[in-house]
Amino acid sequence: QNDKLNRMVKTLLDMSELQSVARNDKIELHSLIEEVLTDLEPLAQEKNVELIQKNQNLRDEKAENKTADLILTGSDILIYRMLYNLVENAIKYNHKGGEVVFTISKMNDYPIVIVEDTGIGIPKEDLDRIFERFYRVDKSRSKLTGGTGLGLAIVKHIVAKHDNAHIELDSELGTGTTIRVVFEQ
């Protein structure tokens, strides 16, 4: 209980700091995503979940480097936290032998990050509420996953703090969840 309370207090403090963090860093998405996936690899191994990274629609025929990184303007700290929370949830709510696919894409020159999992999915009646603070789809899983019900609320606030960004969600119970974050800069 102490650990859970400590995590909750730390998360609430992090949320309160969202208001004051500058959002003018030049962020190389590939590097940041590699850092997130490296940091979460031990959890993925523990849960026997495979982490897969893909790149789509990034080819720029005019660029010297055909795999040129997508640059995003925002807060490095907040974008890291957002990506971390999305991938961590995808791992925690997955099944043994499942997959989390992290895709970087761009559409109309806008960076898009997509996190897809083969996990438990979210019931349709809960889709509108999962970004609320302290909301948990399955309260009984709280002890198993150790969550506070704040991870996706933080994601929503971080996306809102980055002008012209929005989040999209698709989920099917028993099949998995796909979350897309589009940064229209």
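No experiment lies behind these values; they were computed from the predicted model shown.

(A) Layout of the pairing of strand S7 (residues 176–183). Taking burial as the measure, the eight residues of S7 include seven buried ones, the bulk of the element. The pairing of strand S5 (residues 110–117) with S7 spans five bridges and is antiparallel. Looking at S7, one finds that glutamate 116 is bridged to threonine 178. Between strand S6 (residues 165–172) and S7, which pair antiparallel in sequence order, lie three residues; one of them, glycine 174, sits at a positive phi of approximately 85°.

(B) Looking closely at helix H2 (residues 29–47). Taking 1.5 Å per residue as the helical rise, H2 with its 19 residues ought to reach 27 Å, and the 26 Å between its terminal C-alpha atoms agrees with that figure. By the burial criterion, the buried members of H2 are Leu29, His30, Leu32, Ile33, Val36, Leu37, Leu40 and Ala44. A positive backbone phi angle near 55° is found at asparagine 48, which sits one or two residues after H2.

(C) Fine view of the sheet that holds S7. What the five strands build is an open sheet, ordered S2-S4-S5-S7-S6; its pairing is mixed. Here the strands that pair on one side only, and so sit at the sheet edges, are strand S2 (50–55) and S6. Each strand of the sheet is rotated relative to its neighbour by a mean of 15°, with strand direction disregarded. Against the sheet, H2 touches S2, strand S4 (99–107) and S5, its axis set at about 170° to S2. Contacting S2, S4, S5 and S7, helix H3 (residues 76–92) runs over the sheet at an angle of about 25° to S5.

Definitions and cut-offs
Residues numbered from 1 in each chain as written. Predicted model: local features only at pLDDT ≥ 70, side-chain atom pairs only at ≥ 80, totals over all residues. Heavy atoms only, no water. Buried < 20%, exposed > 50% of the residue type's maximum accessible area, 1.4 Å probe, protein only. Helix = DSSP H or I, 4+ residues; strand = E, 2+ residues; numbered from the N terminus. Pairing = 2+ DSSP bridges. Expected span 1.5 Å × (residues − 1). Axes fitted to C-alpha atoms, helices over the stretch in contact; angles between N-to-C directions. Contact = heavy atoms within 4.5 Å.

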